Amino acid sequence: WWTKSAPPNVVHIKSVQHLVDEMVRAERLAGAGERLVIMDVFAPWCAACKALYPKLMKLMEERPDVLLLTVNFDENKTVVKAMGVKVLPYFMFYRGKEGKLQEFSASNKRFHLIQEAIERHSTDRCFLDSTDEEPVLAEFPTVVPAKGISGSLDEPAGRAAGKAVGQPQPVA
């Protein structure tokens, strides 16, 4: 179910490096960290995750301004452990320089929490540039973005170069 087609603003994360690169790409494309990024931690065996998935994909179709990074628990235990996730499905909301804004677990009954968080955290903001080099994700301070992180809102990472979307690419 999780391998079915998804809107272009949904990226299936494959590694810590891929996660960091996508967070940086989202910040650069939106300009000064204006794009809201949601990390969804799920597992293929999780019934609540499977039930929520169609609603989540529909919501992402309606909100192309929001980036959803899906993290498969079984394939990314290092990421999930470092993030402190203890229940599935689990959602974390990030926005540029503000970092992590909110996190919680939600099921079909609590889907409204996801919608409300998107509305709350999608408001216009102005950011001042910082000269301090800060890690993209505090949980992974030593992982730096790969060289050449770029793309466009209409072209997910890798597609412009003819590479498989959502796959980590070797760094030259």
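No experiment lies behind these values; they were computed from the predicted model shown.

Enquirer: What am I meant to see in helix 2 (residues 47-62) here?
Expert: Residues separated by three or four positions in an α-helix point in the same direction, a consequence of the helix having 3.6 residues per turn. If you check helix 2, its first and last C-alpha atoms are 24 Å apart, about what 16 residues at 1.5 Å a residue would give, namely 22 Å. Where helix 2 is concerned, the buried positions are Cys49, Leu52, Tyr53, Leu56, Met57, Leu59 and Met60. If you follow the buried residues of helix 2, they end up packed against strand 1 (10-13), strand 2 (36-42), strand 3 (67-72), strand 4 (90-95) and helix 4 (111-121).

Enquirer: Where do I start with the sheet that holds strand 4 in this structure?
Expert: Backbone hydrogen bonds hold the strands of a sheet together, and the pairing may be parallel or antiparallel. Sheet architecture is open: five strands sit in the order 1-3-2-4-5, paired in mixed fashion. Each having just a single partner strand, strand 1 and strand 5 (99-105) make up the two edges of the open sheet. Pairwise comparison of adjacent strand axes, ignoring direction, gives a mean angle of 20° for this sheet. In this structure, strand 1 lies alongside strand 3, joined through four bridges in parallel fashion. Paired with valine 10 across the strands is leucine 68, a residue of strand 3. Packing against the sheet, helix 4 makes contact with strand 2, strand 4 and strand 5, and its axis sits at approximately 165° to strand 5.

Enquirer: Would you take a moment to explain the pairing of strand 3 for this structure?
Expert: Within a regular strand, side chains alternate between the sheet's two faces. Of all six residues in strand 3, six are buried; the element is thus mostly enclosed. A two-sided burial pattern is seen for strand 3, the buried positions comprising Leu67, Leu69 and Val71 on one face and Leu68, Thr70 and Asn72 on the other. Two strands pair when backbone bridges link them, and strand 2 and strand 3 are joined in this way by six bridges, in the parallel orientation. Bridge pairing in strand 3 places aspartate 40 opposite threonine 70.

What counts as what
Residues numbered from 1 in each chain as written. Predicted model: local features only at pLDDT ≥ 70, side-chain atom pairs only at ≥ 80, totals over all residues. Heavy atoms only, no water. Helix = DSSP H or I, 4+ residues; strand = E, 2+ residues; numbered from the N terminus. Expected span 1.5 Å × (residues − 1). Buried < 20%, exposed > 50% of the residue type's maximum accessible area, 1.4 Å probe, protein only. Contact = heavy atoms within 4.5 Å. Pairing = 2+ DSSP bridges. Axes fitted to C-alpha atoms, helices over the stretch in contact; angles between N-to-C directions.

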